[in-house]
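Observations on chain architecture
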Amino acid sequence: MRELPPVNTGLLAEMLERFLAEELRASGLSGYVVGLSGGVDSAVSAALGVAAVGRERVHALALPGPASSPESLRDARAVADAFDLRLETVEIAPAAETLAVALGARADRVRFGNLLARLRMVALFDRARTVPALVLGTSNKSEILLGYSTLFGDSAASVQPLGDVWKTHIFELARALGVPDGVVGKPPTADLWPGQTDAGELGFDYPTVDPVLYWHHDGGMGREELVAAGFPPALVDGALSAYRRNRFKWRPTVVARVSASCMNVDRILPRNPER
Amino acid sequence: MGKAAPRAAEQVIALAQIATCPGQLRHNLERHMEMVARASAAGARLVVFPELSLSGYLLAHGVLEHALALDDTRLNPLLQASREIALLVGLPLREPHGGISNAAVLMEGGEVRGVHRKLYLPTYGMFDEGRYFIPGPRLAPIECSLGRLGVLICEDAWHLSSAVMLAQDGVDALLVVAGGPTELDGGDEPAASRRWHWIMGATAVTTVRPVFFANRCGWEEGILFGGCSWAVDPRGRSLAEPAPAHEETLVLAPFSPGAAARARTLAPIPYAERFDLWRAALERVGA
């Protein structure tokens, strides 16, 4: 069976740190704001941010929701301690409950989960405004390709250092960067309701699905080739189905072009201001 | 890979591996002036900057605003500096009759000595240069006090015929400037840097000319560039340690036209070029 290619964690970390340093310099802002969930992605993003621009320029927020497990907040603190970050805790539960009641969304765990993810985005961008800072994203390539994220929620950020990094490699990167073992070793979860795990929802874990995604997305292999290569048909069908279904999340907004000067179509310009 | 022994009375060519930012001309110009000062202090005769070093690479439609004509006063600090040390600088060049070229401009003695306009504009994968630039119309050496120099910009060097033509035109050295993006594939260096070193080495050995390769490093718009600037002699020996992938670095490499000429006497490969085969092949493919 085909595997995911190896990762050189030292070179990758060094390059991503320079990416974060350069994006901050080019933006002219003061720092990064990152939400620490207690999971491995946000731990790695924060660690890279600290190495890139210094701990005093990384503002960490814990944003526990009404159903967040106590372990999540504990692990977020462990990550903040590991990288010497001050952790600000903002309770989003009261706002979430109020909004959910107003929308009639409280009883639907997916709707309520999306609402929590988007409220976290609101909190992060508000802090970003006050610093002023960029929001440091925590999405990884595997979840982006599978669409396992909330549009304009956890997927919303100013920069995504891990957006082209496979989740399997993020575990390795986390170990290399000194993320606490308990955070690296626990099952990935969006922590939107009790007992939720990525693998439980997706039907496969990342080390299992990453090679399928790699050989399809990067290697250009279709369903039959993947099955012939030895991947279980159910795994291939599940992965490819999510890949196709959620592709709209790669480009969250489509602008209707009605002129010859449509942004990002007829006029593609650098993101950062000129100085 | 062995290292060529230094010789007396050699000239030094400096390769300024810098990280530029698209459209931030002041920032980029500062990077240039700092490297010029360091190269000058190190006794270099020429400092070579990467592709589009003044403007940054991923300007996209920003070239419409940031393209420079050769008489643009914003080039004055560089022209002034060229009275002390020759410079090869990359910029989007506003052509007098319309169109913008991806150009490398050689400045020396306070004036422009020559311009190479990129011949091959990659427009595939992540590249979109054909959308913003017009292709250079010709390939010819540039003369300056260091000798007869062949300049190639990035993709130009991936068409091996470019270096072959310049070799037939009798250049003393090849200067390859690049804004080479790269991916990381698990190796100890960026994947593209490894490919570049293969191409530079093969180009040097088969044209029997020293090759000076200045690549940019750093990030633009989420795109990583691979650095690893390097110089290699006609026998495939390093003229300088390759720069690291990610660090702004000034590489100092000896340049000896005499040594290259001696290498061509011992290995007269370019003199044996079979133009009859070229001609036949061109006719066969209808070129």
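Residues numbered from 1 in each chain as written. Chains lettered and ligands numbered in written order. Predicted model: local features only at pLDDT ≥ 70, side-chain atom pairs only at ≥ 80, totals over all residues.

1. Some points on the overall build of chain B
Counting secondary structure elements, chain B contains nine helices and 14 strands. Relative to a compact globule of 287 residues, whose C-alpha radius of gyration would be 19 Å, chain B shows 18 Å and is just as compact. Across its three principal directions, the C-alpha atoms of chain B cover 50 × 50 × 45 Å. Counting the 287 residues in chain B, one finds 49% classified as buried. In chain B, the share of contacts with a sequence separation of at least 24, taken over all contacts with a separation of at least 6, comes to 69%. (Helix = DSSP H or I, 4+ residues; strand = E, 2+ residues; numbered from the N terminus. Rg over C-alpha atoms; globule rule 2.2 N^0.38 Å. Buried ≥ 20, exposed ≤ 12 C-beta atoms within 10 Å, placed from the backbone. Contact = placed C-beta atoms within 7 Å.)

2. Things to note about the overall build of chain A
Counting its regular elements, chain A contains twelve helices and four strands. For 275 residues, the compact-globule estimate of 2.2 N^0.38 gives 19 Å, and chain A sits close to it at 19 Å. Out of the 275 residues belonging to chain A, those deemed buried represent 43%.

3. Focus: the sheet that holds strand β4 (residues 133-135) of chain A
Residues and elements named next belong to chain A. Pairing within the open sheet is parallel, and its four strands lie in the order β3-β2-β1-β4. Looking at which strands have only one partner, the edges of the open sheet turn out to be β3 (87-89) and β4. On average, each strand axis in the sheet is inclined to that of its neighbour by 30 degrees, with strand direction left out of account. Pairing between strand β2 (residues 58-62) and β3: three bridges, direction parallel. Each residue of the ladder has a partner; that of Ala62, found in β3, is Thr89. (Pairing = 2+ DSSP bridges. Axes fitted to C-alpha atoms, helices over the stretch in contact; angles between N-to-C directions.)

4. Digging into the nonpolar core
Among the nonpolar cores identified, the biggest contains 157 residues, and Val47 and Val48 of chain B are the most heavily contacted of them. With nine residues, helix α2 (residues 40-53) of chain A is the largest single contributor of residues to this core. In this view, Val48 of chain B contacts Ile13, Ala14, Leu15, Ala16, Leu88, Leu175, Val177, Phe212 and Ala214 of chain B; residues no more than four positions away in its chain are not counted. (Core = buried A, V, L, I, M, F, W, Y, C linked by C-beta atoms within 7 Å.)

5. Considerations on helix α9 (residues 275-284) of chain B
Sparse coverage of α9 of chain B is indicated by the burial of zero of its ten residues. Of the residues trailing α9 of chain B, Gly286 of chain B is marked for its positive phi of about 75 degrees.

6. Quick look at unusual backbone geometry
All names here are of chain A. Residue Val131 is joined to Pro132 through a cis peptide bond whose omega torsion reads -5 degrees. By the element assignment, Pro132 lies in the loop between α5 (109-130) and β4. Even without being glycine, Asp84 reaches a positive phi, approximately 60 degrees. Phi is positive for Phe152, close to 60 degrees, though the residue is something other than glycine.

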